[in-house]
Amino acid sequence: MPGAAVAWAAVLAALFVAAAPANSYTAASADLALNGAVVIQWRGDAARGCAAAGVCEVSGSLTYRPGRRGNLELAGPNRRSLLPEFGGLLDSEPLVVRVRRDPFPGLCVDLADNDFADFSLTRVSGRRVRVGLGVGEMSAARCAGPRPSDLAPAMPSAVFGVRAFRKGRTLDFSERSTFTAGPFAGQAVSTVRMRVGRLGRSEIGEALDPGPPRSRGETPPRDRPRRDLVRLRLAALRFDYGMPPIQATLSWDMRGLADPDCRVLDSCGATGLLTYEMSHRGGAMGVVAARVLGRREDPTLQRELASLQGGGRYLLGIEQTFTDGAARVSQRLTPAVGPTCTDAKSSTLAPLHFGGVRKLVVAFRRPTDSQEADNPEDPFRTRCPGPAMLDVLGRRPLARAAVDSRELGKDIRVALVAATPFAAGGFTGAARGGPVVYLDHTRTRLRVLEYMVPKSVLKQLPR
Amino acid sequence: MRSTAAILLSLIIATVPGPAPAQNLDFAEGLRARVVREIRIPIAAHGQVTVDFHGEQSAGCEAIGLCTTSGTATWNPGTQGSLVVVEYSDRGQRWLEGSLAFDQRIATEGVGRTGPLTVSTVGRLLPAGQTSTCSDARVNGFFDVRTDPVSASVLDIRLAGPGSSAPATDLIGTRCAGPLQADIAPLLPVKRIESAALLAGRTALDMSATRPFAVKGLAGTLHSSLTLELGTPTLLGAAQLAKEQRRVSRAFGPQRTVAIEYEVERVSGEVLVDYVGRAEHSECASLDSCGTRGTLRVAPTTTTGKAYLSASGPSDLPRHRLRAALGLARGRVPDSVLANGVAWWSDGIGTVAQAGLQGGERCNDTAPLRADEIALTPSRTHVSATYYTSNPSFDQLQTRCAGPSVVGLEVPPLASARVPLRRLAASRVQVRLRSGRTFTANGYAISTRPSLTLVLKRKRIIDSAEPIRDGTL
């Protein structure tokens, strides 16, 4: 998996930069040989309200088999006082999730990714550190059960002193812990043990070595001066808009896929509703429409506006994203037999993006498009079984619309169209509802802008 | 063999200017073939393949021990992939070869692997009337696209093909009991497409089908709801490909290669693989492997095959340095020399026999071993010979019984040996792989007892003193 290896190295390098202490220190790298597994089990718990959530019959498990190898990057004032700065497990198997609803037939089996899982390291004292087995997307995946944030506290961890990180020592993560997750209660059983291998030189440290200083004869490459530059004059209309707060709800009516495609995720005959509500704060927005001016052309606001609204060729300049607000996802799922599962959670807000060159493109992008890369929580997944965001949206935005540039300079009502129907993740479904964005025109200004640009650029611009 | 052998070939070819070889050609033929053009087509996939099965008396389930077994195995390709078709030419003949791959995943986008995966749920009826369930899931991805060697313009797209060579990917195999890929391969739909249609793109290949089957001990139905939508193709001509190749070559610098070419005279013997389901109930319950134990007898057998041991390095390196890396000369081997090797065979008639106990019930089955290989890895003084039997996507040790999987990057070799390098330079080489391993993998504790013999006959020494031109040594 060279891609993952490169990404891993990059992550390690970045972490190293962040974690490297300012004072001089000794760095070393240790290979880890692993065995064992982490098995997490859960079931609906009457004391936690499983009846109301419709999951009292649900029991599930998740098996995490780390790869046989891992790595620790260690640092300390000397070789006898090394503590891990970062590290992780390599080549872990995908997580297998199995969930059943006794006494009903059927079994939901899914995989969650786990390409690399870095340890969580917390310094307890100067010579002791708590090492936790971190797992990115550990959850019930598309089956009924805990979300990643539910399981994070249940992951095994242990405190080790400096001596534990010497060759031949064993880091023992065997433990049994309990956790709760909404209407579920469960336990995590770890049999993971790691044997520390020989301490080698830290390649990450070497990689960060800036190397010998540049010799006197070498000079950094310089851009050659461009000789084909010409003056570009633009008539730029700037339209300012106020955008009132937006309340929008998108719903997907879902049905289990036809037999046998529904069996793997135990969705045969199931029906349900997935609802994503968002509340954007609104704000101010500006869009520029520009065209190239002739050498002696003297534009006026009225003429340019009339030209634009009459269908003249202008290029738009806008790249603005709004991310302030909140989102909530709720789900109801009724299996072919058995009680209806209901759940809801706060979710990641779908960013509202304005862009486009010929037309003003307004889109609620997928919620993950603004998410932190290491946030493993799927915006659409609750503790009920159901499709994930990728199943529902694929690579499409949540909703999208294009506004003709002739509409600029007026109040605009943009009715966005939700993504097309989906058939994935055990379900098929279609969206209901479409968000509406109101843009209240506040001001239009005209500016004449001048740039020096290559001739080739000039040829591509509309006049 | 398309795994290590193909990697070795591509590595060797990548170090010299010239076109890439056809994957199923041998060493010299591969160097001679000329790439005419390459077509790259994005694919959107919909649907999946499901195999329902149950133990069937009329199919002989009692002899195997699968009469109480029933289950479903599903392969889902994910949503996106790509088809790459290469047109080759050699001595007036033209043909197409292709590879179909499905995207593994989109990182950091929440739950939901978008790449291909196999899920299996298999129930075993217990005497008390209850059912014990094995459920398993694994990821897989790459496929061969079988081609019609007669026609220059026709490509058959099939997900798994019959034939002697090992398929690149196992669609339905997991650690649970169930049919083998070879059992269902003839049932999988095949789509024939002409190169003109490939070039036009924007067409859908309907690969849906419903077909019953009855094989050794099992009967059932294969359902496919699969559709592959071909997108807009990108065409790369020979000139563009040569440019790409030159870029690769420049990255390596001018190279020279010395290789010893062998014939595989014989592979014989066996590896006994003892396995026990892990004792921890939380680990074994989901695979229904608590208390499971058994032995796999892996017996690769062949009298034909090929082997190479090669060393490549910068072209200004003295020839004897490369020869020293292969034991053909004495002297130091610089770090810049890359040495590698493999022995592979595709006409073997080996077998895997499994005798196991699952929940007190006996299961006995055999399956053919197809193309296979032994990796030969030279170091300064020795060559390590290692036998894995499997590529990362296809576990050849699977029978219809439940049992361990030895697929995975982290699984050690089933048999290995260390041979002095100079012995590989002899005209006839015998390698006995006697070193076994004990390890835990995929929910099982595994111990191997090998007694495997590889006999090689040296055929010639390929010494490309000059950079290889036009793909010809």
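What you are looking at is a predicted structure, and each value in this text was computed from that prediction instead of being measured.

Colleague: Tell me about the overall build of chain B, residues and numbers included.
Modeller: Broken down by element type, chain B carries eight helices and 25 strands. Across the 473 residues of chain B, 51% fall into the buried class. Once local pairs closer than 6 in sequence are excluded, the contacts in chain B between residues at least 24 apart make up 72%.

Colleague: Please set out the overall build of chain A residue by residue, giving values where relevant.
Modeller: The number of helices and strands found in chain A is seven helices and 31 strands. Across chain A, contacts joining residues at least 24 apart in sequence account for 72% of those joining residues at least 6 apart.

Colleague: Could you give an account of the interface of chain B and chain A, with specific residues and numbers?
Modeller: Listed as interface residues are 34 residues of chain B and, on the opposing side, 42 residues of chain A. The dominant element in the side of chain B that touches chain A, judged by the number of residues it contributes, is strand E7 (residues 131-139) of chain B, at five residues. Across the side of chain B that touches chain A, the residue classes break down as seven nonpolar, 19 polar and eight charged.

Colleague: Summarise the pairing of strand E2 (residues 49-55) of chain B; cite the residues concerned and give the values.
Modeller: Residue and element names in this part refer to chain B. Within E2, five of the seven residues are buried, which leaves it mostly tucked inside the rest of the structure. In terms of strand pairing, E2 meets strand E3 (residues 69-76) through six bridges, oriented antiparallel. Bridge assignment links valine 51 to a residue of E3, and that residue is alanine 73.

Colleague: Give me the lowdown on the sheet that holds strand E18 (residues 271-280) of chain A, citing residues and values where you can.
Modeller: Residues and elements named next belong to chain A. The strand order across the open sheet built from six strands is E23-E22-E18-E17-E30-E29, with neighbouring strands paired in antiparallel fashion. The sheet is open, and its two borders are formed by strand E23 (341-347) and strand E29 (422-424), each paired with just one other strand. Going across the sheet, the axis of each strand differs from the next one's by a mean of 20 degrees, ignoring polarity. Note: strand E17 (residues 246-256) against strand E30 (residues 427-432), six bridges, orientation antiparallel. Looking across to E30, one finds that glycine 256 is bridged to phenylalanine 427.

Colleague: Explain the domain arrangement of chain A to me, and be specific about the residues and the numbers.
Modeller: Residues and elements named next belong to chain A. Each assigned domain of chain A is listed here: domain 1 (24-205) and domain 2 (229-460). Look at where the C-alpha atoms of domain 1 and domain 2 centre, and you get two points 37 Å apart. Each partner contributes to the interface: domain 1 provides 24 residues, whereas domain 2 provides 21 residues. Among the elements of the structure, strand E7 (107-112) and helix H3 (148-151) are those that each provide at least two residues to the side of domain 1 that touches domain 2. Considered class by class, the residues forming the side of domain 1 that touches domain 2 number 12 nonpolar, six polar and six charged.

Colleague: Any chance you could break down the environment of glutamate 280 of chain B for me, citing the residues and the numbers?
Modeller: The residue glutamate 280 of chain B is located in the loop between strand E14 (255-277) and helix H7 (281-284) in this model. Distance in space between the C-alpha atoms of glutamate 280 of chain B and glycine 443 of chain B is 9.5 Å, their sequence separation being 163 residues.

Colleague: Before we move on, can you summarise the domain arrangement of chain B with the specific residues and values?
Modeller: All names here are of chain B. Split by domain assignment, chain B resolves into domain 1 (33-241) and domain 2 (254-464). One C-alpha centre belongs to domain 1, the other to domain 2; they are set 26 Å apart. Every contact between the two is made by 29 residues of domain 1 and, on the other side, 27 residues of domain 2. A total of five residues in the side of domain 1 that touches domain 2 trace back to one element, the largest contributor, which is E7. Counted by class, the side of domain 1 that touches domain 2 contains 12 nonpolar, 12 polar and five charged residues.

Colleague: How would you sum up the confidence of the model for chain A? Please name residues and give values.
Modeller: Residue and element names in this part refer to chain A. Scored by pLDDT, chain A has a mean of 84; 85% of the residues are at 70 or more. Low pLDDT (under 50) marks residues 1-22, which in the prediction has 16 contacts with non-local residues, meaning those over four places away or in another chain. Scored below 50 in pLDDT, residues 206-218 makes four contacts in the model with residues more than four places away or belonging to other chains.

Colleague: Could you give an account of the environment of glutamine 41 of chain A, naming the residues involved and the relevant values?
Modeller: Tracing the chain through its elements places glutamine 41 of chain A in strand E2 (residues 38-44). Those residues within four positions of glutamine 41 of chain A in sequence are excluded, and the remaining contacts are Ser61, Gly186 and Gln187 of chain A together with Ser282 of chain B.

Colleague: Can you explain the sheet that holds strand E11 (residues 157-161) of chain A? Please cite residues and give values.
Modeller: Residue and element names in this part refer to chain A. What the three strands build is an open sheet, ordered E9-E10-E11; its pairing is antiparallel. Two strands lie at the open edges of the sheet, namely strand E9 (120-125) and E11, each paired on one side alone. The mean inter-strand angle of the sheet, taken between neighbouring strand axes irrespective of direction, is 25 degrees. Pairing geometry for strand E10 (residues 128-132) and E11, over five bridges, is antiparallel. Within E11, the residue paired with valine 129 across the bridge is phenylalanine 160.

Colleague: Describe the pairing of E7 of chain A, naming the residues involved and giving the relevant values.
Modeller: All names here are of chain A. Of all six residues in E7, six are buried; the element is thus mostly enclosed. Pairing analysis gives six bridges linking strand E6 (residues 95-101) to E7, with the strands arranged antiparallel. Its bridge partner being in E7, leucine 95 is matched across the sheet by alanine 112. Connecting E6 to the antiparallel partner E7 that follows it, the hairpin turn spans five residues, and glycine 106 within it adopts a positive phi of roughly 105 degrees.

Colleague: Provide a residue-level description of unusual backbone geometry, including the pertinent values.
Modeller: Looking along the chain, the bond that leaves aspartate 102 of chain A and enters proline 103 of chain A is cis, with omega of 5 degrees. For proline 103 of chain A, the position within the fold is in the loop between E6 and E7. Here the phi dihedral of alanine 141 of chain A falls at roughly 55 degrees; this positive angle occurs in a residue that is not glycine. Tracing the backbone shows alanine 141 of chain A in the loop between E10 and H3. Overall, the presence of 30 C-beta atoms within 10 Å leaves alanine 141 of chain A in the buried class. Phi at arginine 202 of chain B takes a positive value of approximately 50 degrees, unusual for a residue other than glycine. Mapped onto the fold, arginine 202 of chain B is located in the loop between helix H5 (195-200) and strand E11 (203-215). A tally of 11 C-beta atoms within 10 Å means that arginine 202 of chain B is categorised as exposed.

Colleague: Give a detailed account of the environment of valine 455 of chain B, specifying residues and quantitative values.
Modeller: All names here are of chain B. Checked against the element boundaries, valine 455 lands in strand E25 (residues 444-464). Residue classification places valine 455 among the partly exposed residues on the basis of 18 C-beta atoms within 10 Å. For the pair valine 455 and glutamate 244, spaced 211 residues apart in sequence, the C-alpha to C-alpha distance is 39 Å.

Colleague: Lay out the confidence of the model for chain B with the relevant residues and their values.
Modeller: Residues and elements named next belong to chain B. Per-residue confidence for chain B averages 81 on the pLDDT scale, and 82% of its residues sit at or above 70. Element-level pLDDT for chain B is lowest in helix H1 (residues 4-14), with a mean of 36, against a maximum mean of 96 in E2. Segment residues 1-31: pLDDT under 50, and 75 contacts once partners within four positions in sequence are set aside and those in other chains are kept. Among the scores for the predicted complex, ipTM is 0.75 and pTM is 0.79.

The rules we used
Residues numbered from 1 in each chain as written. Chains lettered and ligands numbered in written order. Predicted model: local features only at pLDDT ≥ 70, side-chain atom pairs only at ≥ 80, totals over all residues. Helix = DSSP H or I, 4+ residues; strand = E, 2+ residues; numbered from the N terminus. Buried ≥ 20, exposed ≤ 12 C-beta atoms within 10 Å, placed from the backbone. Contact = placed C-beta atoms within 7 Å. Nonpolar A, V, L, I, M, F, W, Y, C, P; charged D, E, K, R; others polar. Pairing = 2+ DSSP bridges. Axes fitted to C-alpha atoms, helices over the stretch in contact; angles between N-to-C directions. Domains from an automatic or database assignment. pLDDT = per-residue confidence, 0-100.

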